[in-house]
Amino acid sequence: MTTHTVTGKREIPGPAGVPLLGSLFDLKKSTIDTLLRAQREHGDVVRIWGGPPGLRAEVHAVFSAEGAQRVLATESANFRKDNRFYQELRESFGNGLLTAQDEDYLRQRRLVQPLFTRRRVDGYAAAVTQETARMTDAWGEDVELIGEMTRFTLRAVARILFGADVDAAVDVVDRSFPVIGDYVLRRGYAPVNLPRHWPTPDNRRAAAATAELYAVCDRIIAERRAAGAGTDGDPGQDLLTLLAEAESAEDGTFDATELRDQVLIFLLAGHETTATSLAFALHLLARHPEEQERAREEVRRVLGGRTPTAADLDALPYLTQVLKEAMRLYPAAPVIGRRAVADTEIDGYVIPAGADVLVAPWVTHRNPLYWPDPERFDPSRFTPEEEKGRPRYAWFPFGGGPRACIGQHFSMLESVLTLAMVLDAYELTAVDTEVPVNAEITLRPEGPARCRLRKLG
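This structure is a prediction, so every number in the text was calculated from the model and none was measured.

Trainee: Please explain the layout of surface pockets as it appears in this structure.
Mentor: Any empty space left between atoms is shown by rolling a water-sized probe over those atoms. What the second largest pocket holds in volume is close to 350 Å³. Lining of the second largest pocket is provided by 18 residues; of these, Ile146, Thr150, His271, Glu272 and Arg444 occupy positions nearest its centre. Sorting the residues of the lining of the second largest pocket by element identifies helix H8 (145-162), helix H9 (166-189), helix H12 (256-287) and strand S13 (443-445) as the ones contributing at least two each. The residue makeup of the lining of the second largest pocket, split by class, is 10 nonpolar, 4 polar and 4 charged.

Trainee: How do you make sense of the pattern of salt bridges when you look at a structure like this?
Mentor: Two side chains carrying opposite charge are able to pair once their charged atoms lie near each other. Applying the stated criterion to the full structure yields 36 salt bridges. Its salt-bridge partner being Glu103, residue Arg110 comes within 3.0 Å of it at the nearest N-O pair. The partner of Arg205 in a salt bridge is Asp202, and the shortest N-O contact between them spans 2.6 Å. Of the two residues, Arg205 and Asp202 both sit in helix H10 (residues 201-227), 3 residues apart, roughly one turn of that helix.

Trainee: Can you walk me through the packing of aromatic side chains in this structure?
Mentor: Pairs of aromatic rings are described using the distance from one ring centre to the other and the angle between the two planes. Under the defined criterion, the tally for this structure stands at 9 aromatic pairs. Both rings, one in Phe93 and one in Phe177, keep their centres 5.3 Å apart while their planes meet at 80°; by these two values the pair is edge-to-face. Placement of the pair is Phe93 in helix H4 (residues 84-93) and Phe177 in helix H9, with a sequence separation of 84 residues. Phe93 sits in the buried class, given a relative accessible area of 0%. In this structure Phe177 comes out as buried when scored by relative accessible area, which is 5%. Ring geometry for Trp139 against Tyr426: centres 5.4 Å apart, planes inclined by 50°, an arrangement best described as tilted. You can see Trp139 sitting in the loop between helix H7 (125-137) and strand S6 (142-144) and its partner Tyr426 sitting in strand S11 (residues 426-430), a full 287 residues away along the chain. Taken together, the ring pairs in this structure connect Phe280, Tyr330 and Trp362 into an aromatic cluster. Above the face of the Tyr349 ring, Arg10 is positioned so that its terminal group lies 4.2 Å from the ring centre. Positioned above the aromatic ring of Tyr393, the side-chain terminus of Arg392 is 4.3 Å from the ring centre.

Trainee: Is there a simple way to think about the sheet that holds strand S3 (residues 45-50) in this case?
Mentor: Within a beta sheet, neighbouring strands are joined by backbone hydrogen bonds and run either parallel or antiparallel to one another. Across the sheet, which stays open at both edges, the 5 strands sit in the order S3-S4-S10-S7-S5 with mixed pairing between neighbours. Of all strands in the sheet, those with a lone pairing partner are S3 and strand S5 (79-80), marking the two edges. The pairing of S5 with strand S7 (residues 336-340) spans 2 bridges and is classified as antiparallel. For Arg80, the partnering residue across the bridge sits in S7 and is Arg339. Contacts from helix H2 (residues 31-42) reach S3, strand S4 (57-62) and strand S10 (356-359) within the one sheet, and its direction differs from that of S3 by about 130°. Across the sheet, helix H3 (residues 65-74) lies against S4, S5, S7 and S10, angled at about 125° from S10, the strand it touches most.

Trainee: Before we go on, may I ask you to explain the sheet that holds strand S14 (residues 450-455) in this structure?
Mentor: Read from one edge to the other, the open sheet built from 3 strands follows the order S6-S14-S11, with strand pairing classed as antiparallel. Edge positions in the open sheet fall to S6 and S11, since each of these has one partner strand only. Here the strands of the sheet are splayed against their neighbours by 35° on average, with no regard to which way each runs. Relative to S14, S11 is paired through 5 bridges, and the arrangement is antiparallel. When the bridges of S14 are listed, Tyr426 appears paired with Lys455. The strands touched by H12 are S11 and S14; relative to S11, the strand with the most contacts, the crossing angle is about 80°.

Criteria and thresholds
Residues numbered from 1 in each chain as written. Predicted model: local features only at pLDDT ≥ 70, side-chain atom pairs only at ≥ 80, totals over all residues. Heavy atoms only, no water. 1 Å grid on protein atoms, 1.4 Å probe; cavity = no way out; pocket = protein on both sides within 12 Å on 5 of 7 lines; lining within 4 Å. Points joined across faces, edges and corners; volume = space filled by probe spheres on them. Helix = DSSP H or I, 4+ residues; strand = E, 2+ residues; numbered from the N terminus. Nonpolar A, V, L, I, M, F, W, Y, C, P; charged D, E, K, R; others polar. Salt bridge = Lys/Arg side-chain N within 4 Å of Asp/Glu carboxyl O. Phe/Tyr/Trp six-rings, centres within 6.5 Å; stacked < 30°, edge-to-face > 60°. Buried < 20%, exposed > 50% of the residue type's maximum accessible area, 1.4 Å probe, protein only. Lys NZ or Arg CZ within 6 Å of the ring centre and 35° of its normal. Pairing = 2+ DSSP bridges. Contact = heavy atoms within 4.5 Å. Axes fitted to C-alpha atoms, helices over the stretch in contact; angles between N-to-C directions.

Purely geometric stuff here, so don't read any function into it on its own.
What follows is the structure, given as structure tokens:
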């Protein structure tokens, strides 16, 4: 074990790793496995370092529910999005709601919040169910859930954002996002980076993908502002139109660049995360036929063969429990980073000012103190009675505090409605019983999640 001493304070434990390089190779192999092992071997506040002298990086990981609450909520002013990863994300995807800070963030949140009320979000249910029907009608005898859910959620969020322009936007996003995402990830975790404007192959590929993505967003925004448009959202307008019209006496409106930044962040955050939750919820049900049948019985009892609406959400509690349990086992944001502004004591240790800090839903969601037999799939963990007995931040797939995901109700609505329609139409049997995963910008499956399908009458 190695330790890090803050003068006069309790030493923070952590893995020794290998000489000179620390945990570099372990982190490269699997960040989430390394963090999980660190918690089990060293406790709820851990220092992990990696890299050769002169290029060494270190993070302080906080794993307890109480510690996560301190970082994300009660002490959130002390833990900012100032680390290198967020800077790279900001440079590629703009200064939107996910990446902005301080007054920029507060102004954006005030302008955007009215567009994410429950009533407003519920108005997009019809677009979700139409896209779900389009997807399931095309299915045959088998399906690969990761790719299928990623395409579905991208189409759904693009339709809600852009309305009639969905096809052009989806094609560009589908090509561009993987290139840009991999580029951001490499630069965010590299000890040293070459300037973005140098004409290296990586820089040129990322610049070309970014230019194509920006161009399609700018074109749609310009056309929409020039002509005005309404689609099948509530009340007859897509989200882009509503964003363009967002205005207050205090905060003004979004200019063209700010509007594009919001659109890019909504596309990024609004499809990969929900796709992960949906894919693993379906795959877990395919591996657990009794739970699948119980969920299907609830769906058929409530819906009686009709298409679900937002009003049905509260009438599908077991299906919601299935989704929450899938999000516990496979949180779409498995690791959340911050940088400490000032020395902060958490769980008896002092996190030093300037430290890179991680909280990890992947690890906290597997802590046996909160989750007995944590690797077992058990939707009954999320009955109201069970939820009352756990700390607030034992489960936090949407983050928390003032920077909690603004789209969490939309994600839950989209996921429950889609699960209901899939289960009503098909019985699923898992072909791949395990799906390896790792942490990138979001949780990244490293293998397929194939299922056999049986069409139900």
